[in-house]
Amino acid sequence: MKYDAGKYDIAVIGAGHAGCEAALAAARLGMKTLLFSISLECIANMPCNPHIGGTSKGHLVREIDALGGEMGKNIDKTFIQSRMLNTSKGPAVHSLRAQADRKKYQAEMKHTLEKQENLFLKQAEIVNVDWRAFVMERKIVLKQDILAALKKIGISEGQTIMVHTSLSSMGFVCGGAQIVIEALLESVGTDGTVMMPTQSWKNLDPTAGVHWEEPEEWWQIIRDNWPAYHKDITPTNTMGAVAEMFRKWPGTLRSDHPARSVAANGKYAAYLTQGHDLSNIFGEGSPIGKIYELDGYVLLIGVGYDKNTSLHLADVRADYPGKHASTEYSAVTENGQRVWKEYRTLYVDGEDFEEIGEAFENSHSVQKVTLGNATLTLMKQRELVDF
């Protein structure tokens, strides 16, 4: 049976712990929210050993509570007993667990949902969602469209540009990554240079979180067996289809950093990619630093400032509380042998890059153009770094 839910801002499927919290959060933010459950009598249904907290998920309950969530409040109203676990060990592993009255917890949460403004409950089994109702109409992008957009935003011959791209953000690009690269290189001409990030950050130590999906007992095996970086072979990690094709493009050169490499094509490609020191990822004399020396530009195609690596150069130059170095490890080749190399570098952190980008655009001239479904943003790198 097909069910047309009408017009809602958010639909939440499933009314377990996560579904209840998500629906309440959305409704409290003023969004018209629809919460589906197979049975309205099973909302917030708990298992045969009903409890909240404990060593595995207690920290999540506290974080949800700090953000205004409902689990902590609901268990306070309905718990039978509580105890602190691991008291024979250090305080770091002490964990509060509350045993719930299963039926009371369920009834209290259902009552909270029912009286919440902007929140509507629906009993149904969802077997299919027509995503066409939610997806923006995709546009088709041709090479001439890319060339026109690049010209309109201010790309011209002789420029040196650091480019960050999301191919899928543009819509259907007829020709894929190939025509994006062709258009970029044609726009800057033989006297210009295009550079892109080609990072292979999976080639870092598992303790850095880069192999989060793998069990800890495999970590040493990964350290012992991860292939050494080879700039002509090693693929990029989550850099996108354009950067992955660009690294193999005729005439493109790639830097030697095993985890944070860049690739460049054009007049200054050799200068930009040479001497990319292990410990100098984004600082003075790095590829990003050299873009600054050349008074280059940054072009964002369908991505935000969280992808803008030039802000890391500003991070290197800045002095702020909490700034610190970190020890990294990567597989490299030395004297013909694979080694697991240790090196020190500035801790890479871009949590506030979107906020910085917003503030920068409020005070500086930044060019923007629409291409298909994406927004192109062009800025002078020096202005951004010096901001």
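Up top you'll find the structure we're talking about.
Note that the structure is a prediction, hence the values are computed from the model and not measured. (Residues numbered from 1 in each chain as written. Predicted model: local features only at pLDDT ≥ 70, side-chain atom pairs only at ≥ 80, totals over all residues. Heavy atoms only, no water.)

(A) Structural context of the overall build of the protein. Within the protein, the secondary structure is distributed over 13 helices and 17 strands. Across its three principal directions, the C-alpha atoms of the protein cover 70 × 55 × 40 Å. A buried classification covers 44% of the 387 residues belonging to the protein. A separation threshold of at least 6 residues defines the contact pool for the protein, and within that pool the share at least 24 residues apart is 67%. (Helix = DSSP H or I, 4+ residues; strand = E, 2+ residues; numbered from the N terminus. Buried < 20%, exposed > 50% of the residue type's maximum accessible area, 1.4 Å probe, protein only. Contact = heavy atoms within 4.5 Å.)

(B) The packing of helix 1 (residues 17-28) against helix 4 (residues 102-115), seen in detail. Where helix 1 contacts helix 4, the axes come no closer than 11 Å and their chain directions differ by 25°. When the axes of helix 1 and helix 4 are compared, the pair comes out roughly parallel. Relative to helix 4, helix 1 is oriented so that their crossing is left-handed. Of helix 4, the residues touching helix 1 (which contributes His17, Cys20, Leu24 and Arg28) are Tyr105, Met109, Thr112 and Leu113. Considered class by class, the residues forming the contact of helix 1 with helix 4 number 5 nonpolar, 2 polar and 1 charged. (Axes fitted to C-alpha atoms, helices over the stretch in contact; angles between N-to-C directions. Parallel < 35°, antiparallel > 145°, perpendicular 65-115°, else oblique. Left-handed = near helix turned anticlockwise from the far one by under 90°. Nonpolar A, V, L, I, M, F, W, Y, C, P; charged D, E, K, R; others polar.)

(C) Up close: the side chain of Gln381. Position of Gln381 relative to the elements: it lies in helix 13 (residues 381-386). Within the structure, Gln381 has its side chain in polar contact with the backbone nitrogen of Tyr292 (distance 3.0 Å). When residues no more than four places from it in sequence are discounted, the contact partners of Gln381 are Ile288, Ile291, Tyr292, Gly296, Tyr297, Val298 and Ser310. (Polar contact = N/O pair within 3.5 Å; in protein donor to acceptor, adjacent residues only side chain to side chain.)

(D) Looking closely at the sheet that holds strand 1 (residues 10-13). Judged by pairing direction, the sheet is parallel, and its 3 strands sit side by side in the order 1-2-6 without closing on themselves. The open sheet has two edge strands, strand 1 and strand 6 (119-123), and neither has a second partner. Taken over all neighbouring pairs, the strand axes of this sheet differ in orientation by 20° on average, direction set aside. Pairing of strand 2 (residues 33-37) with strand 6, which is carried by 5 bridges, proceeds in the parallel orientation. In the strand pairing of strand 6, Ser37 is matched with Gln123. Along the sheet, helix 1 contacts strand 1, strand 2 and strand 6; its crossing angle with strand 2, the most-contacted strand, is approximately 165°. (Pairing = 2+ DSSP bridges.)

(E) Just the pattern of salt bridges, in detail. By the definition in use, this model includes 16 salt bridges. Here Glu361 and Lys368 are joined by a salt bridge, their closest N and O atoms 3.2 Å apart. On the basis of relative accessible area, Lys368 is assigned to the partly exposed category, the value being 43%. One network of salt bridges, in which partners are shared, links Lys143, Glu182 and Glu186. (Salt bridge = Lys/Arg side-chain N within 4 Å of Asp/Glu carboxyl O.)

(F) The arrangement of empty space enclosed by the protein in detail. Enumeration over the complete set of coordinates arrives at 1 cavity of 30 Å³ or more. One number sums up the size of the largest cavity: a volume of about 30 Å³. Forming the boundary of the largest cavity are Leu204, His257, Ala259, Arg260, Ile281, Glu328, Tyr343 and Thr345. Partitioned by chemical class, the residues of the lining of the largest cavity number 4 nonpolar, 2 polar and 2 charged. (1 Å grid on protein atoms, 1.4 Å probe; cavity = no way out; pocket = protein on both sides within 12 Å on 5 of 7 lines; lining within 4 Å. Points joined across faces, edges and corners; volume = space filled by probe spheres on them.)

(G) Focus on the side chain of Glu70. Inspection of the secondary structure assignment puts Glu70 in the loop between helix 2 (58-66) and helix 3 (71-78). Judged by its relative accessible area of 5%, Glu70 falls in the buried class.

(H) Fine view of the nonpolar core. If you look at the biggest cluster of nonpolar residues, it comprises 38 residues, and the most contacted ones within it are Ile146 and Leu299. Contributing elements (two or more residues each) for this core: helix 5 (143-153), strand 8 (160-165), helix 6 (177-188), strand 10 (193-197), helix 8 (241-246), strand 13 (297-301), strand 16 (367-371) and strand 17 (374-380). Ranked by residue count, the leading element in this core is helix 6, at 8 residues. For Ile146, the contacting residues outside a window of four places in its chain are Val141, Val173, Ile179, Val180, Ala183 and Leu371. Ala269, Tyr292, Ala314 and Val366 belong to the second-largest nonpolar core, a separate cluster that totals 24 residues. (Core = buried A, V, L, I, M, F, W, Y, C linked by side-chain atoms within 4.5 Å.)

(I) Layout of the environment of Lys323. Residue placement: Lys323 occurs in the loop between helix 11 (310-317) and strand 14 (325-334). The class for Lys323 is partly exposed, based on a relative accessible area of 29%. In the structure, Lys323 is positioned 24 residues away from Tyr347 in sequence and 7.6 Å away in space, judged by C-alpha atoms. In this structure Lys323 touches Asp315, Val316, Arg317, Ala318 and Leu346, once residues within four positions along its chain are discounted.

(J) Local environment of unusual backbone geometry. The backbone of Ala44 sits at a positive phi, close to 55°, despite the residue not being glycine. Tracing the sequence through the fold places Ala44 in the loop between strand 2 and strand 3 (51-53). The exposure class of Ala44 is buried, given its relative accessible area of 1%. A positive phi angle, near 55°, is found at Asp295, a position not held by glycine. Looking at where Asp295 falls in the secondary structure, it is placed in the loop between helix 10 (287-293) and strand 13.

(K) Quick peek at the packing of aromatic side chains. Within the structure shown, the criterion is met by 1 aromatic pair. For the pair Phe360 and Phe387, a centre-to-centre distance of 5.6 Å together with 70° between the ring planes defines the contact as edge-to-face. Pair noted here: Phe360 is in helix 12 (residues 353-363) and Phe387 is in the segment after helix 13, with a separation of 27 residues, a long-range link. Exposure remark for Phe360: the relative accessible area of 0% places this residue in the buried category. We classify Phe387 as partly exposed; its relative accessible area is 44%. Across from the ring centre of Tyr271, 4.8 Å away, lies the NZ or CZ of Lys290, which sits over that ring. The positively charged end of Arg317 is found above the aromatic ring belonging to Tyr292, 4.1 Å away from the centroid. (Phe/Tyr/Trp six-rings, centres within 6.5 Å; stacked < 30°, edge-to-face > 60°. Lys NZ or Arg CZ within 6 Å of the ring centre and 35° of its normal.)

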